[in-house]
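Here are the chains, one letter per residue:
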Amino acid sequence: MARGETRRTFLRQSAAFAVAAISAPTLIPASALGRDGAVPPSERILLGGIGLGGRGTGVLNWMLPEKDVRFVAICDARKSQQQAIKRMVDAKYGNEDCATYQDIRDFLATRTDVDAVLIATGDRWHATASVMAMRAGKDVYSEKPSSMTVAEGQAVVEAARRYGRIYQTGTQRLSEANFTFANELLRTGRLGDVHTVRAHIAPWDAAEMKHDWLPAEPEPAKSEVDWDQWLGPCPWRPYNAAYTRGGWRGYYDFHTSCIGEWGAHTFAQCQVALGLENTSAVDYQYVNNESGDGMVTRFENGVRMVLQREGWHGTCGVRYEGSEGWVSIADGYSQPEVSRPAWLQDFTKLVNDYMARTQRPMSHVRDFFNCIKNRRTTVAHPVMMHRSMTTVHAANVCMWLKRDVKFDPQKEEFVRDPEANRYLARAARAPWTI
Amino acid sequence: MKHLKLSVLALTLAVLTNALGQPAATSQPAPRRVESELIQVLKSTATQKEKADACRELAIVGGRSSVPVLAGFLADDSMSHWARYALERIPGSEVDRTLRDSLPALQGQSLIGVIHSLGERKDAKAAKALLPYLSNPDAGVARAAALALGRIGDPASAKTMLDQMKSATPPQRLWLAEGVLRGADSLLQQGKEKPARDLFDALYRLELPHQVKTATLRGAVLARGDKGPAFLATYLNSQNFPEFASALRIARGIQTPDMSEVLLNAMDKARGSHLILLMQAIGSRRDKEAVFPLAMRLHDSDMAVVKTSLAALAQIGEPDSAAVLATMVIHTNTEVRAIARETLASLPGTQPDEEVMRLTDRSENEAKIAGLDVIVRRRMTQALPKVLDMARSPDEGVRLAAVRRAGELAGPNGGPDMLKLLLQAKEDAELAAAEQGLSASLLKSPNRDEAASLVAGAWSTASAEQKKALLNVLSSIGGPKALEAVRRAIEGQDPEIRAAAIRALGAWNSPEAAPDLLKLAQNSNDPVERVLSLRSYLGLVDEPGLKPDAKMEMVREAAKLIKSPEEIKLLLSTLSGISTLPSLQMVRPYLKQADVKEEAATAVLRISEKMLQARNIDKAAEPIDKALQEVAATTANQSIKDRALKLQEVGKAKAAAK
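Only a predicted model underlies this, so the values are computations on that prediction, with no experimental measurement involved.

The rules behind these values
- Counting restarts for each chain: residues are numbered from 1 in the order of the written sequence.
- Chains and ligands are labelled by the order in which they are written, letters from A for the one and numbers from 1 for the other.
- This being a predicted model, a pLDDT of at least 70 is required before a residue's local features are given, and a value of 80 or more before pairs of side-chain atoms are given or counted; all residues contribute to the totals for chains, interfaces and linings.
- Hydrogens and waters are ignored; side-chain quantities use all the structure's heavy atoms.
- Only DSSP runs of H or I covering at least 4 residues are called helices, and only runs of E covering at least 2 are called strands; the numbering of each starts at the N terminus.
- Radius of gyration here is computed from C-alpha atoms only, and the compact-globule reference equals 2.2 Å multiplied by the residue count raised to the power 0.38.
- Only protein chains enter the accessibility calculation, which uses a 1.4 Å probe. A residue is then buried if its area is under 20% of the maximum for its type, exposed if over 50%, and partly exposed in between.
- Surface exposure here means Shrake-Rupley accessible area, sampled with a 1.4 Å probe, where a residue is shielded only by the protein chains that are shown.
- Two strands pair if DSSP finds at least two bridges between them.
- Between N-to-C directions, angles span 0 to 180 degrees; the directions come from axes that are lines fitted to C-alpha atoms, helices contributing only their stretch in contact.
- When checking whether two residues touch, look at their non-hydrogen atoms; a contact exists if any pair is within 4.5 Å.
- By convention in these notes, a salt bridge is any Lys or Arg side-chain nitrogen within 4 Å of a carboxyl oxygen on Asp or Glu.
- Any pair of nitrogen or oxygen atoms within 3.5 Å is treated as a polar contact; in protein, a donor-acceptor pairing is required on top of that, and neighbouring residues in sequence qualify only through side-chain atoms on both sides.
- Each residue gets one label: Ala, Val, Leu, Ile, Met, Phe, Trp, Tyr, Cys and Pro are nonpolar, Asp, Glu, Lys and Arg are charged, and the others, such as Gly, are polar.

Draft legend 1. Spotlight on the overall build of chain B. A tally of helices and strands in chain B yields 39 helices and zero strands. Against the globule reference of 26 Å for 658 residues, chain B gives a C-alpha radius of gyration of 38 Å, more extended than a compact globule. In terms of overall dimensions, chain B has C-alpha extents of about 105 × 75 × 55 Å along its principal axes. A burial count over chain B gives 55% of its 658 residues as buried. For chain B, the exposed surface amounts to about 29,700 Å²; the carbon and sulfur share of it is 53%.

Draft legend 2. Representation of the sheet that holds strand 1 (residues 45-50) of chain A within the structure. All names here are of chain A. The six strands are arranged 3-2-1-4-5-6 in an open sheet whose pairing can be described as parallel. With partners counted over all chains shown, the strands left at the sheet margins are strand 3 (99-101) and strand 6 (167-169), one partner each. The average undirected angle you get between the axes of adjacent strands in this sheet is 20 degrees. Here strand 1 pairs with strand 4 (residues 116-119) via four bridges, running parallel. When the sheet's bridge partners are listed, Ile 50 is paired in strand 4 with Ile 119. With respect to the sheet, helix 12 (residues 364-374) is in contact with strand 1, strand 2 (69-75), strand 4, strand 5 (139-142) and strand 6, its orientation differing from that of strand 5 by roughly 170 degrees.

Draft legend 3. Representation of the interface of chain A and chain B within the structure. The interface is formed by 70 residues belonging to chain A together with 78 residues belonging to chain B. One can count six salt bridges joining chain A with chain B. A salt bridge links Glu 158 of chain A to Arg 151 of chain B; the nearest nitrogen and oxygen atoms lie 3.6 Å apart. On the surface where chain A and chain B come into contact, there are 30 residue pairs in polar contact (both at pLDDT 80 or more). For the side of chain A that touches chain B, the secondary-structure elements that each account for two or more residues are helix 1 (15-22), helix 5 (123-135), helix 6 (150-163), helix 11 (347-358), helix 12, helix 13 (382-401) and helix 14 (418-421) of chain A. Considering each element in turn, the side of chain A that touches chain B owes the most residues, six residues, to helix 11 of chain A. Class assignment of the residues belonging to the side of chain A that touches chain B gives a composition of 33 nonpolar, 14 polar and 23 charged.

This is the structure in structure tokens:
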């Protein structure tokens, strides 16, 4: 790193920006973001995208309005998706500047100007792309579920630590007021001694994974769909267009099951609420059904986490139960459900106190961008992602082996269980090894 | 033997089935097979898919017997990864030896894969064999070798990679650096601090991208153990921003008191953005020792420094900082004031409560109002008598703030006090504040009927304006008693009070007021009152707790009373908020009615838009399409037509995707 290197080529911070970065949104005046709310180009975060489909487009739509962010390049194995994102971004900025790339290696090697990337491929690529991007000096916002195995999660943690990168996993409910209120009720002791938490798992798909191959179709030209790259570290299988249109869900090679689909969110929420983001559940009790519904897991401190398909009238619900009462929340609730309605009077106070104490905004993408600027750890940091995803992976292994399993969070392996330990990693396919 | 025969028979059947063009695999999980069966599959003429499945299972159940069979596939481009898929997970030195021995015969992706597997298995014996691959002309092979050697953590390899970096191209340098860093980290984990430090220091002297510099500096700090924070101090004082930012990121990851001290020392010397970032880092460590140095910054001339200092104090959450924070709540800068109040509100303990009470005793009205604000934010219920006392303040600003805050602070038993304040209020602003306070207080009551009775009991002594305020309070409380009280008001003769009572029913906190409003809409002889009742009735349809069927039932009742085009528009507006097929069907006939067709078209768009967001629109796809087609054909508004056509496309795409 040359002495004469400018701030722009590394990180762009100014006193005004730094203040914007530390403050909760309600406390940031427009003037703090630059003159008339506009942001000088030299102070912008340059953002790129890797593998943005439907979900990625949604997240990008959250990110684009951020005034200090400029999306400059999309990398996708599918040409159609490169073009779709380019159209969307160019329409937003009123120019044709969004660059397109097909090969992730080419993108990361040539775009040294890009500060951060949004990764929203399918599950199979999240960890590999994150590690590659962090090694290339990018900060990373990765969609969930952010690892396919325990070993992949460890690789993400290692890369973020080693290279000093900012990493946020897309568990956005950690930055939403209703869920924050529930977590704060628990943290401040209003619920008393919490003995049970309940975590929503997706009410579709199954824990049992598919291994079949769809019928082979003629592989398109590489410039249209780079099939080898689309598969990435996963085992080869013949091309079928359905995979590239979202039909990869439910396959062992590509997906983390109905448990990972929402557990990536809800296990993270429960573990953060319990202050257990640096560990994983230790006991997993097998349930004889297709989804893991009703599985009881237990943490070292004795708190039980129960996996449930029902119990909320919204998505990604959690419920915390203690000696003094309970709170339950899911997407779409106008307010959390609580055993004592009087707690709701403190809704604003608890959420504001949280924001004052943690200096976190109620916006997941904003938290990421703030952390890029002040080099602070994000709310959904790599260790939290890895530990909660380890709970997901262990619950999946429990279902796949159709028996109880025990996990040692210190050693990060199943306890005296060589068979289960075989699932801790999967050999990556060359050249997509990290 | 019998078991083996059955396996062969099953395998033969599987091969035959495949040959006949049937799908080779099923989505149903196959029963777990034993290692010998899987080996037989690999040795047979089974398809690639069947062999792949066998490898997948061997990754879980494979043992020593599988190794030679799997090794036979390592040079086969179509099966090499599958062989590794199994081998990488099978424990034992046989696998390591097999992978090492296979190296000379491999090239391209197969070679890259095996090198990677040796690294993943941390096979120390492979280091010597892998070293020459660092110079392989195939960049992928050289990269794999660097990463694997790093993973293995061989010191000699790390030194070789370090030497090679001096003449390497920029991409090569990145892999080699990763290899060296992994090797040095591995030495560190083994407690070999000196050789690790030498590697990190040597690497840091090279020209490298910023992230590698950060990684190297981090390693150099960790390799110095207790002396690491002091070593990092130099970089935290650097005027070179990238160097400073790297150091800061590293410092944030080291949670020792020494590191806190180093950061505070750096803060003393820093200016501008460096100072701000250091203060943020210090705040996030929640170290009590930092409270005084941070508080000293509260009077800085740079507002950015002041605000950052407040935020850092909020993060530390030390009650001792309450006194100094209390001085900031009436700061001339609005943003500073807001942050100071928020911070003071969030501090734990009783000491901040005392500071807040002192604020209300100060002579400046602004301080009193700020104190009232923080009292509520801190939920200081013990301060209620003081707040009620302030509600009699001669200063209007303080008085209004106190009346409003008293209601927010008062518990379920605070109703009488709040009602008294309302009945004393004469000016509009004071009445509004008292109404707000009384509602806030009574909403906390566990018994709604008791709360309603309290309010109803004040009716006879209240002025007309106070009665309107009481009606609003009743609507926010809800329940049978409150409803009875409002009904009595409707039966009165004063038209203004009657209208206020109807509005109160329209603002009811649940649909329980709907029958009263419907009855009024059906029977009232006063056209103004009839329309007001109908509008209020339809307003209750928006109640979030109501299910779509119940909403439609209410709308159907209202439809029977609709007379004028304006009322139809009201109905259409309500229907547009119900995103169901029956709602859509109810709107469609109005597309043909000239005086309301544009409102109907807008309603169709809103309903369709919501319905098309649903995961499954099977049965609704056709009616939505037809309704949108009708909109496009009838509207005179080009923008509505364009939206309808666009939504039609969305619907078709969704149906096709399904």
